[in-house]
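What the coordinates show
As a plain string of letters, each chain reads:
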Amino acid sequence: MALAIPALTIGLDPLFKVCYKLRVTDILQLQKARIIRNDIPETTDLMCLNGHIIQKVEIMGIIVRVDKRERFISYGVDDGTGVISCTVWKNSNNEQVISMASLPRSLQEKFAAITSHYQSSVHEGYSLGDLVQIQGRVRVHRDMNEISALDHRKIENPNVELERILDLPKFYKLYKQPVILPTKVEEHLRKMNDKENPLNETVLQDAITQYIQQYKCQLTEFTVDKLVSLPCLTQLFSSNQWYE
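Residues numbered from 1 in each chain as written. Predicted model: local features only at pLDDT ≥ 70, side-chain atom pairs only at ≥ 80, totals over all residues. Heavy atoms only, no water.

**Some remarks on the overall build of the protein chain**
Within the protein chain, the secondary structure is distributed over seven helices and 10 strands. Classification of the 244 residues of the protein chain by burial places 29% in the buried group. Across the protein chain, every contact between residues at least 6 apart in sequence was considered, and the portion connecting residues at least 24 apart equals 62%. For the protein chain, the accessible surface area stands at approximately 16800 Å², while carbon and sulfur atoms represent 52% of it. (Helix = DSSP H or I, 4+ residues; strand = E, 2+ residues; numbered from the N terminus. Buried < 20%, exposed > 50% of the residue type's maximum accessible area, 1.4 Å probe, protein only. Contact = heavy atoms within 4.5 Å. Areas by Shrake-Rupley, 256 points an atom, 1.4 Å probe, with all protein chains shown as cover.)

Listed below in structure tokens is the structure:
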């Protein structure tokens, strides 16, 4: 089961915007992140790896399956550890129509050049045996993880794949490190949590310690019943509407 991640910390991870270079077998095993919001864990469409939220992944492998459809092409990509489906959408950018009448001439020329580039880059499809690099988002389709491609290209030099294989252990070592937030951020989140939860652990400890020092009471043993019955705690509970 994926780790539960506090909602307030999403986006604070230094690797939040990173495109993760992963093996196919690990992508197939990714689970949806569980986000804690108001102390209640919720399952989201975001993927999680060792406590890190994953937005994009990158794979490199051989095309072993081609399924052409009207709006997209589905590829089976094999990197030696597994096969994953990758969906490449056909020229969706050409369907956008933007009025350029109000733009300056210089911007119109640049926009026309960009439009011409998109029109000339319609994806015609890869062939079986092609070595490709694909970046995209992981989604679940029919209970299987697959990749919706955002960027893709054919690799002509096979040495690029070898370099990637040699670099992967370095990336995985980084991905295994826990999310470490800056000290000031942790302090700010702790203060926010204290405001939202008046009866946090620190407040209860301080109240018990102050009561024992003030009345010099000696408790031979600490049980839940004795602690709850202390006047200092009953006042806290009643003031925070623990008893209805």
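Now that the structure has been shown, we can carry on.
**Details of the pairing of strand β7 (residues 72–78)**
Most of β7 is tucked away: five of the seven residues are buried. Summarising the sheet, strand β6 (residues 56–68) and β7 pair through six bridges and their orientation is antiparallel. Looking at β7, one finds that Asp-67 is bridged to Ser-74. Connecting β6 to the antiparallel partner β7 that follows it, the hairpin turn spans three residues. Across seven bridges, the pairing between β7 and strand β8 (residues 83–89) is antiparallel. By the bridge assignment, Val-77 is partnered in β8 with Ile-84. Linking β7 back to β8 in an antiparallel pair, the connection comprises four residues, with Gly-80 at a positive phi of about 100°. (Pairing = 2+ DSSP bridges.)

**With respect to the pairing of strand β9 (residues 131–141)**
With six bridges joining them, β6 and β9 adopt antiparallel strand pairing. The residue bridging Gly-61 from the neighbouring strand is Val-132, located in β9. Summarising the sheet, β9 and strand β10 (residues 144–154) pair through 10 bridges and their orientation is antiparallel. By the bridge assignment, Arg-137 is partnered in β10 with Ser-148.

**Notes on the side chain of Glu-58**
With respect to the secondary-structure elements, Glu-58 resides in strand β6. A polar contact is formed between the side chain of Glu-58 and the side chain of Gln-133, at a distance of 3.2 Å. Beyond its immediate chain neighbours, meaning those up to four positions away, Glu-58 contacts Cys-19, Tyr-20, Lys-21, Leu-22, Gln-133, Ile-134, Gln-135 and Arg-164. (Polar contact = N/O pair within 3.5 Å; in protein donor to acceptor, adjacent residues only side chain to side chain.)

**With respect to helix α3 (residues 159–175)**
Relative to the 24 Å expected for 17 residues at 1.5 Å per residue, α3 spans 24 Å between its end C-alpha atoms, a close match to the ideal helical length. Taking the largest bend as the criterion, α3 deviates by roughly 35°, centred on Asp-167, and proline Pro-169 comes between one and four positions later. If you check which residues of α3 are buried, you get Arg-164, Leu-168, Tyr-172 and Tyr-175. (Expected span 1.5 Å × (residues − 1). Bend = angle between axes of the 7 residues up to and from the residue.)

**Structural notes on the environment of Arg-137**
Positionally, Arg-137 belongs in strand β9. By relative accessible area, which is 41% here, Arg-137 ends up partly exposed. Considered as a pair, Arg-137 and Ala-149 are 12 residues apart in the sequence and their alpha carbons are 6.6 Å apart. Here Arg-137 is in contact with Gln-55, Lys-56, Glu-146, Ile-147, Ser-148 and Leu-150, once residues within four sequence places are set aside.

**Examining the nonpolar core**
Core analysis: the biggest nonpolar cluster contains 27 residues, and Leu-22, Ile-27 and Ile-59 have the highest contact counts within it. For this core, the secondary structure elements donating two or more residues are α1 (24–28), β4 (40–49), β6, β7, β8, β9, β10 and α3. Residue contacts for Ile-27: discarding those within four places in its chain leaves Leu-22, Val-57, Ile-59, Ile-84, Val-138, Asn-145 and Ile-147. Formed by six residues, the second largest nonpolar core is a distinct cluster that contains Phe-16, Ala-33, Ile-35 and Cys-48. (Core = buried A, V, L, I, M, F, W, Y, C linked by side-chain atoms within 4.5 Å.)

**Observations concerning unusual backbone geometry**
For Arg-142, which is not glycine, the phi torsion reads 55° and is therefore positive. If you trace the backbone, Arg-142 turns up in the loop between β9 and β10. According to the relative accessible area criterion, Arg-142 is exposed, its value standing at 74%. With a phi angle near 65°, Asp-143 is a residue other than glycine that sits in the positive phi range. Its location among the elements puts Asp-143 in the loop between β9 and β10. Accessibility expressed as a relative area gives 74% for Asp-143, which makes it exposed.

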